[in-house]
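The residues making up each chain are set out below.
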Amino acid sequence: MRGASRSKNTQILDKRVCMTNCPTLIVTVGLPARGKTYISKKLTRYLNWIDVPTKEFNVGQYRRECVKIYKSFEFFRPDNEEGLKIRKQCALAALNDVRQFLTDEGGQVAVFDATNTTRERRETIIRFAEQNGFKVFFVESVCEDPDVIAENIVQVKLGSPDYTHCNTEEAVADFMKRIKCYENSYQPLDEELDRDLSFIKIIDVGRRYLVNRVQDHIQSRIVYYLMNIHITPRSIYLCRHGESDLNVKGRIGGDSGLSARGKQFADALGQFIQSQNISDLKVWTSQMKRTIQTAEAVGVTYEQWKALNEIDAGVCEELMYEEIQLKFPLEFALRDQDKYRYRYPKGESYEDLVQRLEPVIMELERQENVLVICHQAVMRCLLAYFLDKTAEELPYLKCPLHTVLKLTPVAYGCKVESVCLKVEAVNTHRDRPTNVDVSRQAEEALLTVPDHQ
Amino acid sequence: MPRELTQNRIQKIWIPSKDDKPSMPRIPHGGPHLANPPTVIVMVGLPARGKTYISRKLTRYLNWIGIPTKVFNVGEYRREAVKHFSSYDFFKSDNEDAVKIRQQCALAALRDVKIYLTEEEGQVAVFDATNTTRERRDIILEFGAENGFKIFFIESVCEDPNVIACNILEVKVSCPDYQDCNKTDAVEDFKKRIECYRVNYQPLDPDQYDRNLSFIKVIDVGRRFLVNRIQDHIQSRIVYYLMNIHVQPRSIYLCRHGESQHNLQGRLGGDSGLSTRGRKFAGALADFVEEQNLQDLKVWTSQLRRSIQTAEALNVPYEQWKGLNEIDAGVCEEMTYEEVRERFPEEFALRDQDKYYYRYPSGESYQDLVQRVEPLIMELERQENVLVICHQAVMRCLLAYFLDKSADEMPYLKCPLHTVLKLTPVAYGCKVESIFLNVEAVNTHRDRPEEVKRGPSTLIRRNSVTPLTSPEPNKKPRIEGLDDPTIREVTPAQLTLCSTTHTTLALSTQHWLSEACLT
């Protein structure tokens, strides 16, 4: 997770497979409005979520820093020497930051997001990578479908800082001319000329792929991810099971059934889903009774995933927080110190959860409309993926009972609508207390425990 | 009114209760979104391009993750129909009789594909043949459309003469077709056989003719891939798998941790340390690894103390994988079998009834293990020399994958302590060497009990993760016309004669053959 600090000890005996001994530089290639930034951001989000420190470097941003006011497409004309000079400097500045990220800041993957449409530019990058001991992997997006390109321009270019002072028509016209500036000198990656490079060529938004010389595990994962994502509009609904009997008692984990209010929620959920009028909705649950009971009330076919089960609290299963404080005060404090990495004795950590949920995320990417009925910790993990939250934030994301989050991809991110289904439930959210020291008093530890029976 | 739920006793899965039977909707376990409708994978490529290798490996993988898959190798059908192969002339495109037989074999195989997918609960059929012409592929596409099967092509393209020569030596020379030939002749004949196909070979064309088909083109043994129109999850998984496998020679070493304290006490699970003998084993393992003199050995352990302690003795870097942890025995953790039988007699009996599906209360089943271990299998495929120091149940899962064992056999595979299994891929399978490192240890293996009363089958099997041994290819000659007792006259010109460089092949006069021959 981005920002998750690692002690020296855990770095030596890394639980994850050693992805790369040398850092990887992902280089996008393609004309403007081909989805390079979309791919860069999405890929970065995914890699960070699976604990590969990744950062994107968008050369356009550097250019906007440098050339404070964008006038017109003329800046991009191939005969505009001044423009060329600035653009080259921006690229080099970005590469410099890449070097810093990968060598000094513990980064493992850097995504160099620019058009990189000429062989010459790509050679520069390859030389840079060789000098610094980075592996290079190109991601090229090729698309000639005018509808797709037009849609891209509308979704992400019109709102760009470059066009704040233009109306829609002007912006579109200018952008089309901008694309033209690149077209003449565009040298796509070639099966023959570039046969020794490692790359994936994405054609027509994923209809076809050409994959060349995948070198290692991380590149293989990247290719798999890119081949599973799509841009068909859809929504993902996330919610927890209805309030359970153990929830009411303030106990964690277990496999109890729904309380009366939980059953009410399940009915309300059924009605809500109906009202949404969703075509082809898939419903997924965990293998725990409370989520399945909830799905039963929705009345549609559902699929059970063991991977969606709640975090295993090990020796603390079915205990109240007060009991945990009593029996395992040290563990309780340690958990507050690093809730993301902390693993319950004989149980799991959020970090383990993320690993277990990765296939679920991959399948969610493939799917279209899905309702996922899961649990608090699991929902936090999924939400963190969609909303690009760090390891620090993840375990404290608010996922209250009886509330559905509707996520809809838009532009480079995700729109979230929170729908509370108006059925009362206990609060199960425990904030991080101020005092996380192992020497703290019981009251300090229990300060943030929510009310229960 | 939402239905009441009960938890089925073996798998511990909550299902709507309706008498005994799991009722609709079918609740797939573990891996939903599996192939429905059924898929026919169609291999494409000249001979000696690895089609059968890929077919069988892929089938093994799909069966292991619980997708019933079977290979239909048209060459096998041909060998049934044409009892004695004389030479490459059979494959000449102007050999009309042979062309007819080959076509009939293909159709017979397709017929069996249909039966497998519609009546035998198969989900994926791998149609292993050259399928090098558009005409042939169009027939298959039509067949797919008629029956509602998805079609996915896997084409293997390779022009590296070394690779091809190697293939011929590894798998063709020893094939039944050439059992009566010496090596050199076999190779020569086979090369000419390839040429017969090459003349009419129409590779998949992503730009025009085949742009709407779903396929992957594997180029130069995985150096490059062209992937077109993946339709669904299973095709995506297949592509991922194909992109991760390789043919580099290497060995995978599987062993358990050294004997542990709990092992000595006969206790399940837990996280105890090594016993004295266990430590001795770790030392012996270190010596063994040294002796193997490997280039680059990766060492993997679980996150349990006993396997890490074992690796520590090797004095090499190792990686810990939580996925390699021993099966979670839930409420039975750290008990002896006697204690389990005493405290949970019903659970004890249920486990013996169906050890693969049985899930410990609050624990795991072998079925869960397979799902947990799958990413590791994927990574093992990518790697070269690896030593995996794990646990009994986990090792059984991994072994079942490499040796194509079914769910039924898996929980009873013998994986004794202090014994290393060295697996080396060879031809279409895996060579196993078992090396006992000469340090005594307790036996932790429990055989399948004799009198096991199997209850009514209330298990949810459909779409669940159930490794199946890849089924034997169909051997029955079911080619229309060939069973026909009225034997077609074979003209003298078509009688097999062997050139002087060939060993005389027995002429069967009972089957009608039309095999032209080397002059």
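Just so we're clear, the structure is a prediction, and the values are computed from it rather than from any experiment. (Residues numbered from 1 in each chain as written. Chains lettered and ligands numbered in written order. Predicted model: local features only at pLDDT ≥ 70, side-chain atom pairs only at ≥ 80, totals over all residues. Heavy atoms only, no water.)

A word on the pattern of salt bridges
Right, so step 1: Overall, the coordinates contain 50 salt bridges over all chains when judged by the stated rule.
Right, so step 2: Here Arg208 of chain A makes a salt bridge to Asp207 of chain B, at a shortest N to O gap of 3.1 Å. Of this pair, Arg208 of chain A sits in strand β6 (residues 208-212) while Asp207 of chain B sits in the loop between α6 (183-198) and β7 (215-219), which puts the two residues in different chains.
Right, so step 3: Arg208 of chain A gets classed as buried once you look at its relative accessible area, which sits at 15%.
Right, so step 4: The salt bridge involving Lys217 of chain B is made with Glu155 of chain B; its shortest N-O contact spans 2.9 Å. Residue Lys217 of chain B is located in strand β7, and its partner Glu155 of chain B is located in strand β6 (residues 150-157); the two are separated by 62 residues in the primary sequence.
Right, so step 5: You can call Lys217 of chain B buried: its relative accessible area is 10%.
Right, so step 6: Taking relative accessible area as the criterion, Glu155 of chain B reaches 0% and is therefore assigned buried. (Salt bridge = Lys/Arg side-chain N within 4 Å of Asp/Glu carboxyl O. Helix = DSSP H or I, 4+ residues; strand = E, 2+ residues; numbered from the N terminus. Buried < 20%, exposed > 50% of the residue type's maximum accessible area, 1.4 Å probe, protein only.)

With respect to the packing of aromatic side chains
Right, so step 1: All chains considered together, the criterion is met by 27 aromatic pairs over all chains.
Right, so step 2: Aromatic pair Phe75 of chain A and Phe76 of chain A: ring centres 5.2 Å apart, planes at 85 degrees, arrangement edge-to-face.
Right, so step 3: Aromatic pair Tyr401 of chain B and Phe402 of chain B: ring centres 5.0 Å apart, planes at 75 degrees, arrangement edge-to-face. For the residue pair Tyr401 of chain B and Phe402 of chain B, the accessibility class agrees, reading buried in each case. (Phe/Tyr/Trp six-rings, centres within 6.5 Å; stacked < 30°, edge-to-face > 60°.)

Looking at the UniProt feature "active site" (unreviewed entry) in chain A
Residue and element names in this part refer to chain A.
Right, so step 1: In this structure's numbering, the residues bearing the UniProt feature "active site" (unreviewed entry) are His241 and Glu310. Considering the C-alpha atoms alone, the annotated residues occupy 70 residues of sequence yet fold into one spot, their largest mutual distance being 10.7 Å.
Right, so step 2: What makes His241 buried here is its relative accessible area of 2%.
Right, so step 3: Residues in contact with His241, not counting those within four places in the same chain, are Asn247, Phe265, Arg290, Thr291, Thr294, Ile373, Cys374, His375 and Leu401. (UniProt positions renumbered as here; feature names shortened; annotations may be inferred. Contact = heavy atoms within 4.5 Å.)

Re the sheet that holds strand β13 (residues 419-426) of chain B
Strand pairing in a sheet takes place through backbone hydrogen bonds and is either antiparallel or parallel in direction.
Residue and element names in this part refer to chain B.
Right, so step 1: Read across the sheet, six strands follow the order β11-β10-β12-β9-β13-β14 without closing on themselves; strand pairing throughout is mixed. Strands at the two margins of the open sheet, each flanked by one partner only, are β11 (319-320) and β14 (429-436).
Right, so step 2: Sheet topology note: the strand β9 (residues 252-256)/strand β12 (residues 386-390) ladder contains five bridges and is parallel. Residue pairing across strands places Tyr253 opposite Leu387, the latter belonging to β12. (Pairing = 2+ DSSP bridges.)

Brief notes about the UniProt feature "binding site: substrate" (unreviewed entry) in chain B
Residues and elements named next belong to chain B.
Right, so step 1: Here the UniProt-annotated "binding site: substrate" (unreviewed entry) positions come out as Arg256, His257, Gly258, Glu259, Ser260, Gln261, His262, Asn263 and Arg306. Their sequence span is 51 residues, while the largest C-alpha to C-alpha distance among them is just 14.1 Å; these annotated residues converge on one region.
Right, so step 2: The residue Asn263 is located in helix α8 (residues 261-265) in this model.
Right, so step 3: In this structure Asn263 comes out as buried when scored by relative accessible area, which is 11%.
Right, so step 4: Setting aside residues no more than four positions away along its own chain, Asn263 makes contact with Arg256, His257, Gly258, Leu417, Val442 and Thr444.
Right, so step 5: Counting through the fold element by element, Arg306 comes out in helix α10 (residues 305-312).

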